[in-house]
Amino acid sequence: MKSDKKRWKASQQIVHILVKTRKSTQPLRVMPTLSQSFFNFNLSSRLLGVSSDLSPQTLLVVTLSFFTLSFFILLKVNKRWRGGIVGPRVGDALYKEVLEKRHHGMISVHEKYGEVVSFPTPSGTVIFMRGNEELERVFTDTKYFAKNTDTWSAAGTVSDVNNLIQPMYKGSLFETTGKEHNENRKTINPFFAHPLMIHSTIKAFNQYSDARWGEEFTGDILDDFHSIVKFAMVELLGSYCLTEDDDALLKRVIMHFVKKNVDGAGDEKATLLTKKDEEMFLEMEAVADRCLEHVKAEMTTKANEGQGNVHEKGLVYLMLKSGKYSDQAIKELFVNLVVAGGETPALACCKTLAAMAQNPAILERAAQEVDDTFPASADIDPSKIDRLDYLDACIMEGLRRYAPATIVGRRVVKETKVCGVTVPKDSNLQVSVHAAHMNPAVWDNPDAFNPERFAKGKEIPKGGFVAFGLGGRACPGKRAYMKMAKAILACMLKKYIVVEDPNTKNDLDSFMPNRFVAWPSEGHVTLKMVQRINVNYTTKNNDGDVDTHFGADFSRQFVPTRRSAFGGNGR
Ligand code: HEM
């Protein structure tokens, strides 16, 4: 830790980086010009007849002084031209590293060169920064930093955070800024704390797990997690009025874009909207339309008869009730949230479970907590899910260690300094989420998956956690995700014994380049699961009586009535 602190101090003495851009070649040509001027000075002074009065030593001192002065003046001018970001030339190798390894490249870049680094991209210089005390300001000081709503679509650059769906589907009310944005968020905020979020997720989990995994399963679970999250989101957004056909259609559309994402990773052409994509969006809007008509009809019934089948925290209901939004705006937000609320939660939840499986002691402790909280039956009681503190810490650690959103961008609206470096107006500033989460000055042994970092009552270190962004434009879906993830993981631990398949080890650090979300390079996360059905175990209560419970016993007391694939007691 001590050496980490030293490194932190050293990195605080910012190393400014001058990287090779088309523009940046200009100041570097200064060197031959300067040396030439030295000779020119000598020559001109001779021509002017000055040289004859000066000794060679004096001439040398004058020349050197001139040289030094010119150098500093040019450095200053150069600094102004380049917005203050000057320093050693890093060059193409580093650019390539970042382009190829994304934030794994970024982690090493920040380690080597400091908190703020700039990179050339085909569409201009992008400035990256990682987590430190000043990070919060980038998200909260709106005088200098604004949400960059274009960031997600800046294809073809180092910052080409190609979440291929959102940038194509424009028009969401989240593209507003300032007062208008605040008003929009206020209206729809209750949706993100929908009381049926857990209920819908558990229902979705049970349907998918029965249909897909059965009693025993080895294979990709990412795809299924995606379906579970989607199913729950669609049910909530659609106010429980969507038909099975609507459901199937929405999932088909989503999977079309996910496939486009995965197949097209790294391919700039894949960011272009095809005719098929447009058709898909129209189909999604048609579903949103049916939902809208349903909610409107139920609201009329409620107004006339005092009762109607609408949930007061439903998104469509909230928006209609406010009277501020057109039908088209409501449909667009519906489509956007189906998209925004799916990929990142599925990824985060899946990687967290896989990380727990790679650390069996952690998984067992979490499973024990679930068993203790829900001892009497196989079901998870939604009203008690907030009691799962250790699972909560595991989910937070999963978000830290394997953050699904890799970059969060801001536009610099007024020239300012971050970490002592001037960032010019209109710069594209990107917070390197992974580098922030893996900063050894903030987190001890950052590579380790250690939920204790987020144990109840522990404060999160400043600048150490930005998985959802921060400030007024932070992700509104955070609460929804925490509830969903807890429901999915609690159901999973209650119903299955989970291990990593020894034949298919997951590389959770890998992810596809060119993506906003850290989709694994292989496109899947593989786990092995065996249902804990027919497993009963007993414990002694405080009075010394024996209680019988359902589920696996991680304290090794239970007697399995069925041999699991892992032999004996399921380990
Ligand atoms: C693991 C889960 C999730 C992660 C890691 C995540 C991450 C993020 C990040 C990093 C941002 C940008 C924040 C910023 O610029 O400061 C964002 C924005 C957003 N997220 Fe999420 N998100 C998650 C889940 C969700 C869910 C479940 C929903 C919806 C139900 C959602 C809806 C949105 C929306 C609408 C925005 C735009 C907010 C704005 O511009 O004001 N997200 N998310």
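It should be emphasised that the depicted structure is a prediction, and the values quoted were computed from it without experimental measurement.

Some words on the packing of helix 9 (residues 222-237) against helix 14 (residues 343-358)
And then number 1: Running from N to C, helix 9 and helix 14 cross one another at 130°; their axes reach a closest spacing of 8 Å. On the basis of the axis angle, helix 9 is oblique to helix 14. Crossing handedness for the pair helix 9 and helix 14: right-handed. Contact residues: helix 9 offers Leu 222, Phe 225, His 226, Val 229 and Lys 230, while helix 14 offers Glu 343, Pro 345, Ala 346, Leu 347, Cys 349, Cys 350 and Leu 353.

Overview of the pattern of salt bridges
Two side chains carrying opposite charge are able to pair once their charged atoms lie near each other.
And then number 1: Going through the model one piece at a time under the given rule, you end up with 22 salt bridges.
And then number 2: Among the salt bridges present, the one from Glu 111 reaches Arg 130, with a minimum N-O distance of 2.7 Å. Placement of the pair is Glu 111 in helix 5 (residues 92-113) and Arg 130 in the loop between strand 2 (126-129) and helix 6 (135-140), with a sequence separation of 19 residues.
And then number 3: The class for Arg 130 is buried, based on a relative accessible area of 3%.

A word on the coordination of the iron atom of the ligand
And then number 1: The protein gives the iron atom of the ligand a lone donor atom, Cys 475 (SG), placed 2.3 Å from the metal.
And then number 2: As for its position among the elements, Cys 475 is in the loop between helix 17 (433-437) and helix 18 (478-495).

Some details on the site of the ligand
And then number 1: The environment of the ligand is made up of 28 residues, and the closest members are Lys 147, His 181, Arg 185, Arg 410 and Cys 475.
And then number 2: Lys 147 places a polar side-chain atom, nitrogen or oxygen, 2.6 Å from an oxygen atom of the ligand.
And then number 3: Separating an oxygen atom of the ligand from a side-chain N or O atom of Arg 473 is a distance of 2.9 Å.
And then number 4: Of the residues belonging to the shell around the ligand, the class tally is 19 nonpolar, five polar and four charged.

Notes on the UniProt feature "binding site: heme" (unreviewed entry) in the chain
And then number 1: Per the UniProt record, "binding site: heme" (unreviewed entry) is annotated on Cys 475.
And then number 2: A residue is classified by how much of its surface remains accessible, and Cys 475, at 34% relative accessible area, is partly exposed.
And then number 3: Not counting chain neighbours up to four residues away, the residues in contact with Cys 475 comprise Arg 185 and Phe 468.

Considerations on the sheet that holds strand 10 (residues 526-531)
And then number 1: Across the sheet, three strands lie side by side as 4-10-9; this open sheet has antiparallel pairing. Each end of this open sheet is capped by a strand with a single partner; those strands are strand 4 (216-220) and strand 9 (496-499). Neighbour-to-neighbour, the strand axes of this sheet turn through a mean angle of 20°, independent of strand direction.
And then number 2: Bridge count between strand 9 and strand 10: four bridges; the pairing is antiparallel. Directly across from Tyr 496, in strand 10, lies its bridge partner Gln 531.
And then number 3: Across the sheet, helix 8 (residues 197-213) touches strand 4, strand 9 and strand 10, and the angle it forms with strand 4 is around 95°.

Observations concerning the nonpolar core
And then number 1: Among the nonpolar cores identified, the biggest contains 106 residues, and Trp 213 and Phe 225 are the most heavily contacted of them.
And then number 2: Here this core takes 12 residues from helix 18, the largest share from any one element.
And then number 3: The contacts of Trp 213, once residues within four sequence positions are left out, are Phe 205, Tyr 208, Ile 221, Asp 224, Phe 225, Ile 228, Met 492, Tyr 496 and Met 529.
And then number 4: Formed by 20 residues, the second largest nonpolar core is a distinct cluster that contains Phe 139, Tyr 144, Val 408 and Val 418.

Overview of the sheet that holds strand 1 (residues 116-119)
And then number 1: Taken together, five strands build an open sheet; the order of strands is 1-2-8-5-3 and the sheet is mixed. Two strands bound the open sheet, and with one partner strand each, they are strand 1 and strand 3 (145-147). Between one strand axis and the next, the sheet turns through 35° on average, direction left out of account.
And then number 2: In the sheet, strand 2 pairs with strand 8 (residues 428-432) via four bridges, with the strands oriented parallel. Paired with Ile 127 across the bridge in strand 8 is Leu 429.

Some thoughts on helix 12 (residues 315-322)
And then number 1: Summarising burial for helix 12: six of the eight residues are buried, a large majority.
And then number 2: The set of residues buried in helix 12 consists of Leu 315, Val 316, Tyr 317, Leu 318, Met 319 and Leu 320.
And then number 3: Where the residues of helix 12 are buried, they touch helix 7 (178-192), helix 9, helix 11 (275-305) and helix 13 (327-340).
And then number 4: Positive backbone phi, approximately 70°, marks Gly 323, located one or two places after helix 12.

Section: the packing of helix 15 (residues 360-373) against helix 16 (residues 389-401)
And then number 1: Between helix 15 and helix 16, the shortest axis-to-axis distance is 8 Å and the interhelical angle comes to 140°. Comparing the axis directions of helix 15 and helix 16 gives the class oblique. Contacts between helix 15 and helix 16 involve Ile 362, Arg 365, Ala 366 and Glu 369 from the former and Asp 389, Tyr 390, Leu 391 and Cys 394 from the latter.
And then number 2: Of the residues that constitute the contact of helix 15 with helix 16, the class distribution is five nonpolar, no polar and three charged.

Some details on the pairing of strand 2
And then number 1: In strand 2, alternate side chains face the same way, and those of Val 126 and Phe 128 on one face and Ile 127 and Met 129 on the other are all buried.
And then number 2: Taken together, the four bridges between strand 1 and strand 2 define a ladder with antiparallel strand orientation. Pairing of Phe 119 across the sheet is with Val 126, part of strand 2.

Observations concerning helix 7
And then number 1: In a regular helix each residue adds 1.5 Å, so 15 residues correspond to 21 Å; helix 7 covers 21 Å between its end C-alpha atoms and thus fits that length.
And then number 2: When the local axis directions of helix 7 are compared, the greatest deviation, roughly 35°, occurs at Lys 186, which is followed within four positions by the proline Pro 190.
And then number 3: Those residues of helix 7 not exposed but buried are His 181, Asn 184, Arg 185, Thr 187, Ile 188, Phe 191 and Phe 192.
And then number 4: For helix 7, the secondary structure elements touched by its buried residues are helix 8, helix 9, helix 12, helix 13 and helix 18.

Conventions and cut-offs
- Residues numbered from 1 in each chain as written.
- Predicted model: local features only at pLDDT ≥ 70, side-chain atom pairs only at ≥ 80, totals over all residues.
- Heavy atoms only, no water.
- Axes fitted to C-alpha atoms, helices over the stretch in contact; angles between N-to-C directions.
- Helix = DSSP H or I, 4+ residues; strand = E, 2+ residues; numbered from the N terminus.
- Parallel < 35°, antiparallel > 145°, perpendicular 65-115°, else oblique.
- Left-handed = near helix turned anticlockwise from the far one by under 90°.
- Contact = heavy atoms within 4.5 Å.
- Salt bridge = Lys/Arg side-chain N within 4 Å of Asp/Glu carboxyl O.
- Buried < 20%, exposed > 50% of the residue type's maximum accessible area, 1.4 Å probe, protein only.
- Donors = N, O, S within 2.8 Å, 3.2 Å for Na, K, Ca; no water.
- Near = heavy atom within 4 Å.
- Polar contact = N/O pair within 3.5 Å; in protein donor to acceptor, adjacent residues only side chain to side chain.
- Nonpolar A, V, L, I, M, F, W, Y, C, P; charged D, E, K, R; others polar.
- UniProt positions renumbered as here; feature names shortened; annotations may be inferred.
- Pairing = 2+ DSSP bridges.
- Core = buried A, V, L, I, M, F, W, Y, C linked by side-chain atoms within 4.5 Å.
- Expected span 1.5 Å × (residues − 1).
- Bend = angle between axes of the 7 residues up to and from the residue.

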